[in-house]
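What follows is the residue order along each chain.
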Amino acid sequence: MNAPSPPEQIHALQRAQRQSEVVAALRQVLPEHALLWQAEDTTPYECDGLTAYRQRPLVVALPETEAQVQAVLKACHALGVPVVARGAGTGLSGGAMPHAMGVTLSLAKFNQILKIDPVSRTAVVQAGVRNLAISEAAAPYGMYYAPDPSSQIACTIGGNVAENSGGVHCLKYGLTVHNVLKVRGYTVEGEPIEFGSEALDVPGYDLLSVFIGSEGMLAVTVEVTVKLVPKPQLARCIMASFDDVRKAGDAVAAVIAAGIIPAGLEMMDQPMTAAVEDFVHAGYDLNAAAILLCESDGTPEEVEEEIGRMSEVLRKAGATAIAVSKDEAERLRYWSGRKNAFPASGRMAPDYMCMDSTIPRKRLADILEAIQRMEKKYDLKCLNVFHAGDGNLHPLILFDANDKDQLHRCELFGADILETSVAMGGTVTGEHGVGVEKLNSMCVQFSAEENAQMLGVKRAFDPQGTLNPGKVIPTHNRCAEYGKMLVRGGKISHPDLPRF
């Protein structure tokens, strides 16, 4: 093994000195069991769901009270130490990847449901409460929390707020931003801050909407007040098969054009349905080039009428087969396949990178065909599952992170999907966030002036830039270098994208 170079030795010494200083400061405000700094203890925190990029944190703090959260933030601010808040670590864009010289602030112990109010149809929960746990607690009152990311069994409401998560039913019921009334937390200086209210509106700027989806860059969430909705009397799901991906994409647009807003409208291509069927045996049509899952919920009369209308639209759009769930067990089986798309893909290769762009619904077939061409270009397989109703794509690129060439090709493949989406009139993210994964693509979507405006909002809350630094908003120099790289490689192929 080669000996460390002098610069590496200097960095290791500086890290050790800084770590000693931070541990000494945090020992004053946290019990010993709530502070981790040994390598074997901090390594599990080195990445979130984006496992291709890893960084071991300097220290991990696990506060148990709000007073401890506040004290940790004040201590770190006094030392000028970066802080990265973390929930369950299910994020897919590297938003919770640690800072090498910073503190990872885990909210895992903030897992209490503080209040369920069936009259106001709200729940007050701590940031570390699991998404699904809210619906489980509200079930005795005949209610549930609508946003349902595929990771809902594990992901936390604080992380949902950070990323503005959605799920398979977001078309009808909205994203996190549409289902949260109030967020309480602390600024990077340790000052209490509150966004929104339990009222329908608040005076002044709508800072709640600014905060939700800000990826932990503005403040640390400790408590969230969410809306609850009544459980529908009945829900049924259509599985529609298509022999061509373009017909399936056009069918999505046709359903919306008919004035129908399904409770869920998802699309999977044939490679994805094969992977899922082998994993959970959901009963999918393996002969179809693509399938759509279209759900209707409401009263029995409403569901019967809407299922009939959707079936008619799907047949006219070219569906080769239509199956409607006969009972609740079959409906849940159809959805279990969709919700297990990610773990099913994980069985197909050592690693996968899940992209998250959004395009106009009418371009679904175009992006699928473009991705098929990219598979040949980068010599990597890609399985596709979409929140088709709102045009949110989740292509999963399969690769081996231990192979540097495969990782590089995967990064290029992902960037190509994102930038093609922008060229089609879309965005680089729908619900997974930018994190570290999409920094370069932010240079493509937004001008230097627009990125500067976003950075201005960041500075208003965090003047020193120590809260989740180096993510979401690319620097001017980074964008300039990325532009030069694209020009050198002849990669700028979309006439609608900005020139650097």
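Right above here is the structure, for reference.
Residues numbered from 1 in each chain as written. Predicted model: local features only at pLDDT ≥ 70, side-chain atom pairs only at ≥ 80, totals over all residues. Heavy atoms only, no water.

Q: Just checking my understanding: could you explain the packing of helix α13 (residues 364-378) against helix α14 (residues 404-423) for this structure?
A: Two numbers describe a pair of packed helices, the interaxial angle and the distance between the axes. Contact geometry for α13 and α14: axes closest at 10 Å, N-to-C directions at 155°. Taken together, the axis directions place α13 and α14 in an arrangement best described as roughly antiparallel. You can see that α13 and α14 cross each other, and the crossing is right-handed. In contact with I367, A370, I371, M374, E375, K377 and Y378 of α13, α14 contributes R409, L412, F413, D416, I417, T420 and S421. (Axes fitted to C-alpha atoms, helices over the stretch in contact; angles between N-to-C directions. Helix = DSSP H or I, 4+ residues; strand = E, 2+ residues; numbered from the N terminus. Parallel < 35°, antiparallel > 145°, perpendicular 65-115°, else oblique. Left-handed = near helix turned anticlockwise from the far one by under 90°. Contact = heavy atoms within 4.5 Å.)

Q: Even after reading the chapter, I still don't get the nonpolar core, so can you show me in this structure?
A: Proteins that are soluble and globular tend to have nonpolar side chains buried together. Counting 79 residues, the largest nonpolar core has I134, V180, V226, L228, L292, L314 and F413 as the members making the most contacts within it. Those residues in contact with I134 that lie beyond four places of it in its chain are I113, A123, V125, V129, Y145, I157, V226 and L228. Formed by 25 residues, the second largest nonpolar core is a distinct cluster that contains A61, V69, C76 and V188. (Core = buried A, V, L, I, M, F, W, Y, C linked by side-chain atoms within 4.5 Å. Buried < 20%, exposed > 50% of the residue type's maximum accessible area, 1.4 Å probe, protein only.)

Q: Which parts of the structure should I look at to understand the packing of aromatic side chains?
A: For any pair of aromatic rings, the description consists of the separation of the ring centres together with the inter-plane angle of the planes. Inspection of the entire model under this criterion finds five aromatic pairs. Between the aromatic rings of Y144 and Y173, the centroid separation amounts to 6.4 Å while the plane-to-plane angle is 75°, which identifies the pairing as edge-to-face. With a gap of 29 residues between them, Y144 in strand β7 (residues 143-144) and Y173 in helix α6 (residues 170-173) connect regions that are remote in the sequence. Residue class for Y144 comes out buried when judged on its relative accessible area of 17%. Centre to centre, the rings of F342 and Y352 are 6.2 Å apart; their planes meet at 55°, and the pair counts as tilted. (Phe/Tyr/Trp six-rings, centres within 6.5 Å; stacked < 30°, edge-to-face > 60°.)

Q: What should I look at first to understand the sheet that holds strand β10 (residues 220-227) in this one?
A: Sheet strands associate in pairs through backbone hydrogen bonding, adopting either a parallel or an antiparallel arrangement. The antiparallel open sheet is built from five strands, whose spatial order is β5-β6-β10-β8-β9. The two strands at the open ends of the sheet, each matched to only one other strand, are β5 (113-117) and β9 (192-196). Taken pair by pair, the neighbouring strands of this sheet meet at an average axis angle of 10°, ignoring direction. In this sheet, strand β6 (residues 122-126) lies alongside β5 in antiparallel orientation, the contact comprising four bridges. Counterpart to I113 in the pairing with β6 is V125. Lying over the sheet, helix α4 (residues 131-138) contacts β5, β6 and β10, oriented at roughly 45° with respect to β5. (Pairing = 2+ DSSP bridges.)

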